[in-house]
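# Descriptive structure summary
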There are 2 protein chains.
Amino acid sequence: MRIGVIECGVCGTDHDIAAGKYGKPPAGSDFLILGHENLGTVREVGPGVDGFAPGDLVVATVRRGCGLCRFCAANRSDCCETGLYTERGIIGAHGYIAEEYVERPEYLLHVPPALRPIAVLMEPLSVVEKAIETGQKVLDRREPTPGFPPQRPPTALVTGTGAIGMLASLVLSVRGYEVTAIDRHGDATLAARVLRRIGATHVDSSSGIDAIGTAHYDLIVEASGAITLDFQLVSRLAPNGVLVLTGIPDASAPPISVAGGALLRGMVLANQAIVGSVNANRTHFELGLNDLLRFEERWPGVTAELISQRRPLNEAPQVLGEHVGGAVKIVLTVSTLTPFSDLSPRR
Amino acid sequence: MRIGVIECGVCGTDHDIAAGKYGKPPAGSDFLILGHENLGTVREVGPGVDGFAPGDLVVATVRRGCGLCRFCAANRSDCCETGLYTERGIIGAHGYIAEEYVERPEYLLHVPPALRPIAVLMEPLSVVEKAIETGQKVLDRREPTPGFPPQRPPTALVTGTGAIGMLASLVLSVRGYEVTAIDRHGDATLAARVLRRIGATHVDSSSGIDAIGTAHYDLIVEASGAITLDFQLVSRLAPNGVLVLTGIPDASAPPISVAGGALLRGMVLANQAIVGSVNANRTHFELGLNDLLRFEERWPGVTAELISQRRPLNEAPQVLGEHVGGAVKIVLTVSTLTPFSDLSPRR
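Residues numbered from 1 in each chain as written. Chains lettered and ligands numbered in written order. Predicted model: local features only at pLDDT ≥ 70, side-chain atom pairs only at ≥ 80, totals over all residues. Heavy atoms only, no water.

### Quick word on the overall build of chain A
Helix and strand counts for chain A come out as ten helices and 17 strands. Its C-alpha atoms give chain A principal-axis dimensions of roughly 60 × 45 × 45 Å. Evaluated residue by residue, chain A yields a buried proportion of 58% over its 347 residues. Pairs at least 24 apart in sequence give 68% of the contacts found in chain A among residues at least 6 apart. Looking at chain A as shown, the accessible area adds up to about 13600 Å², and 55% of this sits on carbon and sulfur atoms. Measuring between centres, the 31 positive side-chain charges of chain A sit 3 Å from its 37 negative side-chain charges. (Helix = DSSP H or I, 4+ residues; strand = E, 2+ residues; numbered from the N terminus. Buried < 20%, exposed > 50% of the residue type's maximum accessible area, 1.4 Å probe, protein only. Contact = heavy atoms within 4.5 Å. Areas by Shrake-Rupley, 256 points an atom, 1.4 Å probe, with all protein chains shown as cover. Lys, Arg positive; Asp, Glu negative; His and termini not counted. Charge placed at Lys NZ, Arg CZ, Asp CG, Glu CD.)

### Some thoughts on the environment of K21(A)
All names here are of chain A. Summarising the element assignment, K21 is placed in the loop between helix 1 (12-18) and strand 2 (37-44). Under the relative-accessibility criterion, K21 is labelled exposed at 62%. For the pair formed by K21 and D250, sequence separation is 229 residues and the distance between their alpha carbons is 9.6 Å.

### Topic: the relation of the copies chain A and chain B
Under the fitted operation, chain A is carried onto chain B by 0.0 Å of movement along the axis and a turn of 180°, and the coordinates agree to an RMSD of 0.0 Å. A rotation of that kind, with that shift, is consistent with a two-fold axis. Proximity to the rotation axis, assessed at the C-alpha, singles out S257(A) in chain A; its C-alpha lies 2.3 Å from the axis. When the interface residues of chain A are mapped onto chain B, 100% of them again lie at the interface, so the same face is used by both copies. (Least-squares fit on C-alpha atoms with pLDDT ≥ 70 in both.)

### Focus: the sheet that holds strand 13 (residues 237-245) of chain A
Read across the open sheet, the twelve strands follow the order 11(A)-10(A)-9(A)-12(A)-13(A)-15(A)-15(B)-13(B)-12(B)-9(B)-10(B)-11(B); overall the sheet is mixed. Of all strands in the sheet, those bounded by a partner on one side alone are strand 11 (201-204) of chain A together with strand 11 (201-204) of chain B. Ignoring which end each strand starts from, the neighbouring axes of this sheet average 20° apart. Here strand 10 (residues 178-183) of chain B pairs with strand 11 of chain B via four bridges, running parallel. Note on strand 11 of chain B: the bridge partner recorded for I182(B) is V203(B). Strands strand 9 (155-159), strand 10 (178-183) and strand 12 (217-222) of chain A of the sheet are contacted by helix 4 (residues 163-174) of chain A, whose axis makes an angle of about 170° with strand 9 of chain A. (Pairing = 2+ DSSP bridges. Axes fitted to C-alpha atoms, helices over the stretch in contact; angles between N-to-C directions.)

### Quick word on the interface of chain A and chain B
Contacts between chain A and chain B engage 60 residues on the former and 60 residues on the latter. At the boundary of chain A with chain B, total buried surface from both sides reaches about 5200 Å², with 61% on carbon and sulfur atoms. Together, R70(A), R265(A) and V268(A) form the three largest contributors to the area buried by chain A at its contact with chain B, with a combined 13%. Applying the counting rule to chain A against chain B returns zero salt bridges. Within the residue set of the side of chain A that touches chain B, elements represented by two or more residues are helix 2 (70-73), helix 3 (122-139), helix 6 (227-233), strand 13, strand 14 (256-258), helix 7 (260-269) and strand 15 (273-276) of chain A. Per element, the largest residue contribution to the side of chain A that touches chain B is nine residues, and it comes from helix 7 of chain A. Counted by class, the side of chain A that touches chain B contains 34 nonpolar, 13 polar and 13 charged residues. (Buried area = accessible area lost by both parts, 1.4 Å probe. Salt bridge = Lys/Arg side-chain N within 4 Å of Asp/Glu carboxyl O. Nonpolar A, V, L, I, M, F, W, Y, C, P; charged D, E, K, R; others polar.)

This is how it looks when you write it as structure tokens:
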């Protein structure tokens, strides 16, 4: 199938690739086309492809399996055991910041037209869906306790209010969690405003983790990649609680001093867990699509606010080189054929 | 029910309590009767108790629920959310190193006579069963991949060859894992001999973790409580691998230097987990009982070798105060009515 690209979101991984810290071109290429957060329209459908027609809105998944391990064989390349996967726009395969790309239908998802203004968030949302699914499964190792419901709603802490942290706050809220999200940017930001609108609590933790008081949380979704904070968060888990790591710290960061005895002892005595989560598979894109619809139903228009800016493609070098304070998600408009004016919600 | 105590195993927690580092007497008492690893015989059954008769061999569970939280209400006090549980012989309730104790039938398990020589291991085995069940559940967060079996048997590393490490090695072996167990005591110990007999690999890691070579493991069961080692083990996890912590480090241990960036980044990019596991509930004692039968079937007599010494009750002060090099489990013989000569296997 041939897909015309409408727009691509830019994330920290793109910045790292642009800075030469990460990423790898396809075999035989001396450059890498960036872009993994994507939204496009079908332009041409090859023979033997069912269910897609020109004009359909689609989002493509990112990782392509190694073809060797049992997880990739089962369409779960997010758990690839060999590490020989590729990722479009990141590792070993060109991305979506291009006029067009070609892809097999099994890597494409239909997007309903109503989600056009926010569907470019589906890829980061898929990462969030996998992280929260992982955290929930690890929480559920305790088994449900039929007939013995919790005496309080489950509580979640989200650290970092970039796109991953904000989308995690939205997902956890629709899942019934009482959500607190922390960052170091004060109460006047877009993120803080959106959090208030969805009924979550925003805390400025510039002064440190104690800004959240003495609370402990069933689930913590770490989306800041701040190494010292990561270790501090373990002490904020409730009994049986789970810390899910989504932020990717720098491997070359200098060693830090950790009160390992207290940390590990606490984890044992309270049955606590830390779990890393990376990437996502098709099922997480599907979960994300359902959740985008739920977000719109519950908080109309709020998700679109997370897209702080749409910038034209020729500004890509600036967008990839700069850090825009207070922005949640910056999107590059790729297609001149489908300008953003056509992307207004169809309500 | 009134139970006559036959024997009680002694573990690191007992040593810590005897040294004044842990434990709490029952409310209103200025002393604590020790002993949580237990085997006894029913002496008297109260009215309204079904299914037990005098002379039955029984093992008692240890933790008693808080009566407040949903887990304790569902007989899963091992996951108690309030921390207000008691533990017989450890926290807030007298233990089993006594001529007799009184207990409710729901906290007692029948033991078949054939398991008499090894049933005192059921309590530490219950802790192992919970830890491995926890690890397996966290591994299974990836979902099974029906039709796509692993290309190799699952692999496990066990660190520490005390009773917990050795029982973990036995359980993981009957579960189909290829097991490697490490300690710092050379190849001539009882533990090393037993490991060879069950087809596991024993490695002396006195020189450090690199003694195991470059292998990575699906499941690591940490039973040494060695803080620096705990952090090193994360780098020995296979993709999607799980490190289960059962050893309880000293909370007051001095901080250590950790290459947190590499550690956490690795956990995220390879979907890895660290999970603490403490205590056990009745279902884990039942799993343990089944596994003791399987051990005897597969490796007749091997489990009994883990009981390095049986010592008379009047030697309790020495046993609780000393560390016996090379011993796996030391058991205190409590009952003069049921001497060990009556406890030989009935084959």
